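# Summary of structural features
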Amino acid sequence: MKICVAGQGAFGQKHLDALKRIPGVEVTSLVGGNQDSTAAIAKKYGVPHYTGDLSEGIKRADAVILTTPTKMHFSQGEQVMRAGKHVLVEIPVTDSVEDAEKLVKIAKETGVTAMGGHVRRFNPSHQYVHKKIVAGELKIQQMDVQTYFFRRKNINAAGNARSWTDHLLWHHAAHTIDLFQYQVGENISDCYAVQGPIHPELNIAMDMGIVAKTPSGSMLTLSLSFNNDGPLGSFFRYICDNGTYKAFYDDLSDGKDNKIDVSKVDVSMDGIELEDREFIKAIQEKREPNGSLQQVLPCMHVLGKLEKIIDPQRKAHA
């Protein structure tokens, strides 16, 4: 299968690393903004073609993985699907409910495989908990999540300058809102949010708190900050009727910090690779992928509700 990766930044490179480990996959084109950087990354990964024009990459591929700035996701997602190619849109799929709904509609019209990059569904740590829930061994009473970064300047995960601005609600909260609904098997029925001051240069809130619950009473408490000078990432605590679990990316321990071996949960320990494998497999098997645009739409609806609470005028996202 021929894949085009659009976006040469930190996350595009994570996908390039992952795709190398998947048999029968060839990255045929890398699409990027800064052409010097795109050329260097294409050379590093042995990608035969690079360009700044997405349509050129689309021509050379069966499917496209979009790891471009959020603002481009809607137009590029539509462009890929209208060209009859399958698409994986990295999180956040969009930064508006309306655009997310339109992408789902276009996916239905074109009949292509369309997936959102909600990697938490695939991390072995979260898969381990999910399997126990599905087997009826666990019920989540509360998920307590801390998503912390130190990002007072506009830089990416690799510490390089960004051409766009990240967002606590539409990106980082999206991971947890989707995971929570996926794990409990219910959509959120009640939610509330508060946010701290807007950063004068980045034009985004640097701190945010979200609480939510489902009809059956499972609760979510989520704290997010770009001001935390410490370990980066999201720490998940599953408080269940039958035990407590703590997840951090692909690692898992119980409530007393005893490490749980999740190496046999799936074919890889890398969530991004497992996400990409699901995308490719769904295309080959002509089925809906786990994390399809349709499946992640309820998450987008919750984010829309939360935005109306904290940002009723919807300040323009940079």
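Residues numbered from 1 in each chain as written. Predicted model: local features only at pLDDT ≥ 70, side-chain atom pairs only at ≥ 80, totals over all residues. Heavy atoms only, no water.

Taken in spatial order, the six strands of this open sheet run E3-E2-E1-E4-E5-E6, and their pairing is parallel. The open sheet has two edge strands, strand E3 (50-51) and strand E6 (114-117), and neither has a second partner. As defined by bridge partners, strand E1 (residues 2-6) adjoins strand E2 (residues 26-31) across five bridges and the pair is classed as parallel. The partner of Ala6 across the bridge, within E2, is Val31. The strands touched by helix H4 (residues 70-82) are strand E4 (63-66), strand E5 (86-90) and E6; relative to E5, the strand with the most contacts, the crossing angle is about 165°. (Pairing = 2+ DSSP bridges. Helix = DSSP H or I, 4+ residues; strand = E, 2+ residues; numbered from the N terminus. Contact = heavy atoms within 4.5 Å. Axes fitted to C-alpha atoms, helices over the stretch in contact; angles between N-to-C directions.)

Residues Thr38, Ile41, Ala42 and Tyr45 constitute the buried set of helix H2 (residues 35-45). Taken around the axis of H2, the buried residues stretch over an arc of 100°, which confines them to a single face. Residues Asp36, Lys43 and Lys44 are exposed on H2 and point more than 90 degrees away from its buried face. Buried positions along H2 lie against helix H1 (10-20), E2 and E3. The residue sitting at the N-terminus of H2 and contributing the capping side-chain oxygen is Asn34; that oxygen lies 3.0 Å from the backbone nitrogen of Asp36. Gly46 sits one or two residues past H2 and shows a positive phi near 70°. (Buried < 20%, exposed > 50% of the residue type's maximum accessible area, 1.4 Å probe, protein only. Arc of directions from axis to C-beta. Polar contact = N/O pair within 3.5 Å; in protein donor to acceptor, adjacent residues only side chain to side chain.)

Hydrogen bonds between backbone groups are what pair the strands of a sheet, and the pairing can be parallel or antiparallel. Read from one edge of the open sheet, seven strands run E8-E9-E10-E7-E11-E12-E13, paired in mixed fashion. Here the strands that pair on one side only, and so sit at the sheet edges, are strand E8 (190-195) and strand E13 (251-254). Each neighbouring strand pair of the sheet contributes to a mean axis angle of 10°, computed without reference to strand direction. Across seven bridges, strand E7 (residues 140-148) lies against strand E10 (residues 219-225) in parallel orientation. Each bridged residue has a counterpart across the sheet, and for Gln146 the counterpart in E10 is Ser223. Seen against the sheet, helix H6 (residues 124-134) touches E7, strand E11 (233-240), strand E12 (243-248) and E13 and runs at an angle of roughly 150° to E12.

Here the focus is the packing of H1 against H2. Two elements in contact, H1 and H2, have axes whose closest approach is 11 Å; the angle formed by their N-to-C orientations is 20°. Relative to H2, the element H1 is oriented roughly parallel. The interaxial crossing formed by H1 with H2 has right-handed handedness. Two secondary-structure elements touch here, H1 through Gln13, Leu16, Asp17 and Lys20 and H2 through Ile41, Lys44 and Tyr45. When its residues are assigned to classes, the contact of H1 with H2 shows three nonpolar, one polar and three charged. (Parallel < 35°, antiparallel > 145°, perpendicular 65-115°, else oblique. Left-handed = near helix turned anticlockwise from the far one by under 90°. Nonpolar A, V, L, I, M, F, W, Y, C, P; charged D, E, K, R; others polar.)

Attention now goes to the pairing of E7. Note: E7 against E11, eight bridges, orientation antiparallel. Each bridged residue has a counterpart across the sheet, and for Val145 the counterpart in E11 is Phe236.

So, about the nonpolar core. Counting residues in hydrophobic clusters, the biggest one holds 71 residues, and the most contacted among them are Met81, Met143, Leu169, Ile177, Ile210, Tyr238 and Leu303. In this structure Met143 touches Thr176, Leu179, Phe180, Met219, Leu220, Thr221, Phe236, Arg237 and Tyr238, once residues within four positions along its chain are discounted. Of all hydrophobic cores here, the second largest spans 21 residues; its members include Ile3, Val27, Ile41 and Met115. (Core = buried A, V, L, I, M, F, W, Y, C linked by side-chain atoms within 4.5 Å.)

A few words now on helix H8 (residues 271-284). Look at H8: 20 Å from first C-alpha to last across 14 residues, which is about the 20 Å you get at 1.5 Å a residue. Where burial is concerned, most of H8 is hidden: 11 out of the 14 residues are buried. For H8, every residue scored as buried is listed here: Gly271, Ile272, Glu273, Leu274, Glu275, Asp276, Glu278, Phe279, Ile280, Ala282 and Ile283. In this fold, the buried residues of H8 make contact with E1, H1, E4, E5, E6 and H6. (Expected span 1.5 Å × (residues − 1).)

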